[in-house]
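Close look at the chain arrangement
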Amino acid sequence: IIGEDEQSVHNQLELFGFDQLLAIAEGRLTGAALKQERRRIAAAHASMSDLSMDDVAFLHAGLCQTGLPHSRPVRNDEPWQRSNGRFHLVVEPGTVIDQASGKSKWVGVPYGTKARLIFMHVSTEGIKSRQVHLGRSMSAWMRRLGLSVSGGEHGTIAPIKEQTLRLGRARFSFQFETEGGGLGISDTQIADKLHFWATEDGPWLEEIELTDRFHEHLREHAVPLSDHAISYLSGSSLKLDLYAWAAWRLPRLGRPLRLNWTQIAATFAAAGDINKVAAKVREALPDVQTVYRDMKIETTRGGLILHPSKPPVPKTLVMVGGKAGG
């Protein structure tokens, strides 16, 4: 069971301590492997340290249960749909007026790691206020999200702008099947107003004013996450999804829950055959466990067995902070 390995990095940290474990790694590894191991040890050490409210992020429970697309959808005008058991998420793309042509165009649904990081940032700030300031400095905001700042064809500035606009214009539908076979639907758009300012590269989203409906829904259904964990997993949309899903699901279990690979593939929107899905999830889980020490998930040939686990962020910390969680 992941989380009960006697040789886990957490057990090694307790046995040797942070400095000595780093020294051991430096004695047997070099190059990229050493850099990766240093980062893993530091992430695990941070997960074992006491958190403050400044280290806590939030994400809407709906996005913890099933995620956004991992890669760019083929069409910008098509909605995105995913299911997790009786829960269904539908994301509809919005439109904007193209400044060059003066005509309305579809902007597409948000996707990838940057969209997830932006949603976490908006959810975290949205707990406090309907007005979510993204900052007048693009660089400062992107660094707060743990991203490097670079322009150009392969830089981070343009993708961040694109994903922010996609997220701000999208409409989310959370649908729940009831025990009696009925269906509950909650539709909401995240933003009531979007405020832009002009830059050399075109308009930049300065502030999102959340809708009353989404703001209240967020305060009731926000799941607390660790900033340290998000930073460590920020290079993989699947790992971010697995972490948020485990943080939401495991503390709510009263007994072990078995899921097959078909169910898991549907939840995480993974492409490819079931064997490839299983391989990707198996490969990703150890990194998630590095930053979620108490996560107990058993991998089997047929799927996963989830075991009741403590949350990654203590409930007492969230209660002291005066914020909703769950």
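Right above here is the structure, for reference.
Read on for a plain summary of the structure. None of the values given here were measured: they were computed from a predicted structure.

1. Observations concerning the pairing of strand β14 (residues 303–306)
As paired strands, strand β12 (residues 257–260) and β14 are joined by 4 bridges and run antiparallel to one another. Within β14, the residue paired with arginine 258 across the bridge is isoleucine 305. The pairing of strand β13 (residues 297–299) with β14 spans 3 bridges and is antiparallel. Along β14, the bridge assignment pairs threonine 299 with leucine 304. In this antiparallel pair of consecutive strands, β13 and β14, the connection spans 3 residues.

2. Considering helix α10 (residues 237–249)
Within an α-helix, residues lying three or four positions from one another point in the same direction, as the helix has 3.6 residues per turn. Between its first and last C-alpha, α10 extends 18 Å over 13 residues, near the 18 Å set by a 1.5 Å rise per residue. Along α10, 11 of the 13 residues are buried, which leaves the element largely enclosed by surrounding structure. The complete set of buried residues in α10 reads Ser237, Leu238, Leu240, Asp241, Leu242, Tyr243, Ala244, Trp245, Ala246, Ala247 and Trp248. The backbone nitrogen of leucine 238 lies 3.4 Å from a side-chain oxygen of the residue at the head of α10, namely serine 236.

3. Remarks on the sheet that holds β13
Spatial strand order, β12-β14-β13: 3 strands in an open sheet with antiparallel pairing. Edge positions in the sheet fall to β12 and β13, since each of these pairs with one other strand and no more. Between one strand axis and the next, the sheet turns by 20 degrees as a mean value, whatever way the strands run. Helix α11 (residues 261–268) rests against β12 and β14 of the sheet, and its axis sits at about 80 degrees to β12.

4. Structural notes on the environment of isoleucine 118
Looking at the secondary structure, you find isoleucine 118 in helix α5 (residues 112–126). Residue class for isoleucine 118 comes out buried when judged on its relative accessible area of 1%. Residues isoleucine 118 and tryptophan 141, 23 residues apart in the sequence, show an inter-C-alpha distance of 10.0 Å. Those residues in contact with isoleucine 118 that lie beyond four places of it in its chain are Trp141, Leu145, Ile160, Gln163, Thr164 and Leu167.

Calculation notes
Residues numbered from 1 in each chain as written. Predicted model: local features only at pLDDT ≥ 70, side-chain atom pairs only at ≥ 80, totals over all residues. Heavy atoms only, no water. Pairing = 2+ DSSP bridges. Helix = DSSP H or I, 4+ residues; strand = E, 2+ residues; numbered from the N terminus. Expected span 1.5 Å × (residues − 1). Buried < 20%, exposed > 50% of the residue type's maximum accessible area, 1.4 Å probe, protein only. Polar contact = N/O pair within 3.5 Å; in protein donor to acceptor, adjacent residues only side chain to side chain. Axes fitted to C-alpha atoms, helices over the stretch in contact; angles between N-to-C directions. Contact = heavy atoms within 4.5 Å.

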